[in-house]
Amino acid sequence: MDKTITKVWGDILKNELEKPYFKELKKEVYSKYNENICYPKYNDIFNALNLCDFSQIKIVIIGQDPYHGEMQANGLCFSVNKGVTIPRSLTNIFKEIKNNNPGYDPKNGCLEHWAKQGVLMLNSVLTVEKGKANSHKNIGWETFTSSIIDIVSEQKKNVVFMLWGGYAHKKGKQINIENNLILKSGHPSPLSANRGFWFGNNHFEKANEYLVSKNKSVVKW
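Predicted, not measured: the structure shown is a model, and the values here were computed from it. Throughout, a residue's number is its position along its own chain's written sequence, starting from 1. Owing to the predicted nature of the model, reporting of local features is limited to residues with pLDDT of at least 70; listing and counting of side-chain atom pairs is limited to 80 or more, with chain, interface and lining totals taken over all residues. To obtain the side-chain values, all non-hydrogen atoms of the structure were used and water was disregarded.

Draft legend 1. Broad picture of the packing of aromatic side chains. Any two of the Phe, Tyr and Trp rings considered here, Trp counted by its six-membered ring, make a pair once their centres fall within 6.5 Å; the pair's planes then place it as stacked at under 30 degrees, edge-to-face at over 60, or tilted in between. Taken as a whole and assessed by the stated rule, the structure comprises 16 aromatic pairs. For the ring pair F204 and W221, a centre distance of 4.8 Å and an interplane angle of 80° mean the geometry is edge-to-face. Of this pair, F204 sits in helix 10 (residues 203-213) while W221 sits in the segment after helix 10, and the two are 17 residues apart along the sequence. Each residue is placed in one exposure class: buried if its accessible area under a 1.4 Å probe, protein chains only, is under 20% of its type's maximum, exposed if it is over 50%, and partly exposed if it falls in between. In this structure F204 comes out as buried when scored by relative accessible area, which is 4%. Owing to a relative accessible area of 11%, W221 belongs among the buried residues under this scheme. In this structure, K156 packs its charged tip against the face of F54, placed 5.3 Å from the ring centre. Numbering goes from the N terminus for both helices and strands, where a helix is a DSSP run of H or I of at least four residues and a strand is a run of E of at least two. As a reminder, the over-ring test applies to NZ of lysine and CZ of arginine, requiring each to be within 6 Å of the ring centre and within 35 degrees of the ring normal.

Structure follows, in structure tokens:
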């Protein structure tokens with residue numbers, strides 16, 4: 001499984017990939033993919049890393065686990081494959097972006113173009129069984145992704161961490177707040193958004209303003 005990680009990320013995570021828990025995680029994931037239909041595709045599990053070069057990271061968005069509907073997940077949190085109906089959480093994300101950009105009109109829910117601009121879209125758990133949300137929690141992914149967040153937090157500076165909802169707030173509690181910006185709000189899911197905890201957070205605008213203040217290029221959402 002780790003053979004599908006780019007060399008740059010492989011070198012950065014070398015120590016983590018050699019730990020006993022990760023070796024057990026590899027076996028477990030391989031077994032689950034052989035026994036059941038799981039998402040994303042096996043070779044797309046590490047897309048969040050592979051599509052976002054470590055040297056280019058500007059923003060980190062933390063999700064929980066992949067979409068479990070057929071062919072939705074593509075390895076990036078909140079993102080779906082082209083041709084797939086845009087989920088409600090992502091629809092609310094797009095609505096929030098549009099609040100400050102009236103002409104904004106995405107044609108699909110694939111966010112690869114964000115990743116290629118330096119947005120690390122990392123789920124806490126990187127795999128899931130079809131139709132069973134959170135089915136791969138507590139098998140080791142949480143430890144692995146926490147180590148990634150720690151590495152980015154400590155080795156990078158002036159990164160914007162977007163933490164949406166209570167789960168992400170807890171996941172990001174170890175982030176170095178002296179060198180990076182943390183933006184917190186409710187989750188973009190309909191339940192949270194409709195209760196007033198999402199819309200109007202201006203995270204996308206605030207993130208770009210921060211990047212400009214640090215002489216970095218903005219993200220074209």
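Structure shown, so let's carry the discussion forward.
Draft legend 2. Focus on the sheet that holds strand 5 (residues 160-164). Pairing between strands is defined by DSSP: at least two bridges between them are needed. On the basis of which strands lie adjacent, the open sheet formed by 4 strands has the order 3-2-5-6 and parallel pairing. Of all the strands in the sheet, just strand 3 (119-123) and strand 6 (181-185) have a single pairing partner and so form its edges. In this sheet, neighbouring strand axes are inclined to one another by 20° on average, regardless of whether the strands run parallel or antiparallel. Pairing between strand 2 (residues 59-63) and strand 3: 5 bridges, direction parallel. Opposite G63, over in strand 3, you have N123 as the bridge partner. Helix 7 (residues 141-155) contacts strand 2, strand 3 and strand 5 of the sheet and is inclined by roughly 155° relative to strand 3. Where helices are involved, their axes are fitted lines through C-alpha atoms of the stretch in contact, as for all axes, and angles between N-to-C directions lie from 0 to 180°. Here, residues are in contact when the closest pair of their heavy atoms is within 4.5 Å.

Draft legend 3. Region of the structure containing the packing of helix 3 (residues 20-35) against helix 7. Running from N to C, helix 3 and helix 7 point in directions that differ by 125°, and their axes come no closer than 10 Å. It follows from the interaxial angle that helix 3 and helix 7 lie oblique. For helix 3 against helix 7, the interelement crossing comes out left-handed. Contact residues: Y21, F22, L25 and V29 in helix 3; W141, T143 and F144 in helix 7. As a working rule, the residues Ala, Val, Leu, Ile, Met, Phe, Trp, Tyr, Cys and Pro are called nonpolar, Asp, Glu, Lys and Arg charged, and the rest polar, with Gly in that last group. Looking at side-chain class alone, the contact of helix 3 with helix 7 contains 6 nonpolar, 1 polar and no charged residues. We call two directions roughly parallel when the angle between them is under 35 degrees, roughly antiparallel when it is over 145, roughly perpendicular when it lies between 65 and 115, and oblique otherwise. Left-handed is the label given to a crossing in which the near helix is rotated counterclockwise from the far helix by less than a right angle, and right-handed is the label when the rotation is clockwise.

Draft legend 4. Up close: the nonpolar core. Working definition of a nonpolar core: buried Ala, Val, Leu, Ile, Met, Phe, Trp, Tyr and Cys residues. They are joined through side-chain atoms within 4.5 Å. The biggest cluster of nonpolar side chains holds 63 residues, and the ones touching the most others in it are W114 and L120. Tallying contributions element by element places helix 7 first for this core, with 6 residues. Setting aside chain neighbours within four positions, we find L120 in contact with W9, A48, L49, C52, I57, I59, V60, I61, I148 and V152.

Draft legend 5. Representation of the layout of surface pockets within the structure. Space inside and on the surface of the protein is sampled on a 1 Å grid over the protein atoms alone, with a cavity defined as a set of points where a 1.4 Å probe fits but cannot get out and a pocket as an open set with protein on both sides within 12 Å along at least 5 of 7 lines; lining residues have an atom within 4 Å of a point. Grid points are joined across faces, edges and corners, and a volume is the space filled by probe spheres set on the points. Computed from the structure, the largest pocket encloses a volume of approximately 490 Å³. If you trace the largest pocket, you find 27 residues lining it, with Q64, D65, P66, Y67 and H187 closest to the centre. Elements with a contribution of two residues or more to the lining of the largest pocket: strand 2 and helix 8 (165-171). With 4 residues, the top contributor of residues to the lining of the largest pocket is helix 8. Of the residues that constitute the lining of the largest pocket, the class distribution is 14 nonpolar, 12 polar and 1 charged.

Draft legend 6. Expanded view of the pairing of strand 3. Burial within strand 3 is extensive, with 5 of its 5 residues counted as buried. What you see with strand 3 is no split at all: V119, M121 and N123 on one side and L120 and L122 on the other are buried throughout.

Draft legend 7. Spatial organisation of the pattern of salt bridges. Within this document, salt bridges are pairs made up of a side-chain nitrogen of Lys or Arg and a carboxyl oxygen of Asp or Glu, the two lying within 4 Å of each other. Counted under the stated rule, the structure contains 6 salt bridges. In this structure, K132 and E129 form a salt bridge, with 3.4 Å as the shortest nitrogen-oxygen distance. Looking at K132, the relative accessible area reads 45%, which means it is partly exposed. For E129, a relative accessible area of 16% translates into the label buried.

Read these as layout, nothing more, since geometry by itself doesn't imply function.
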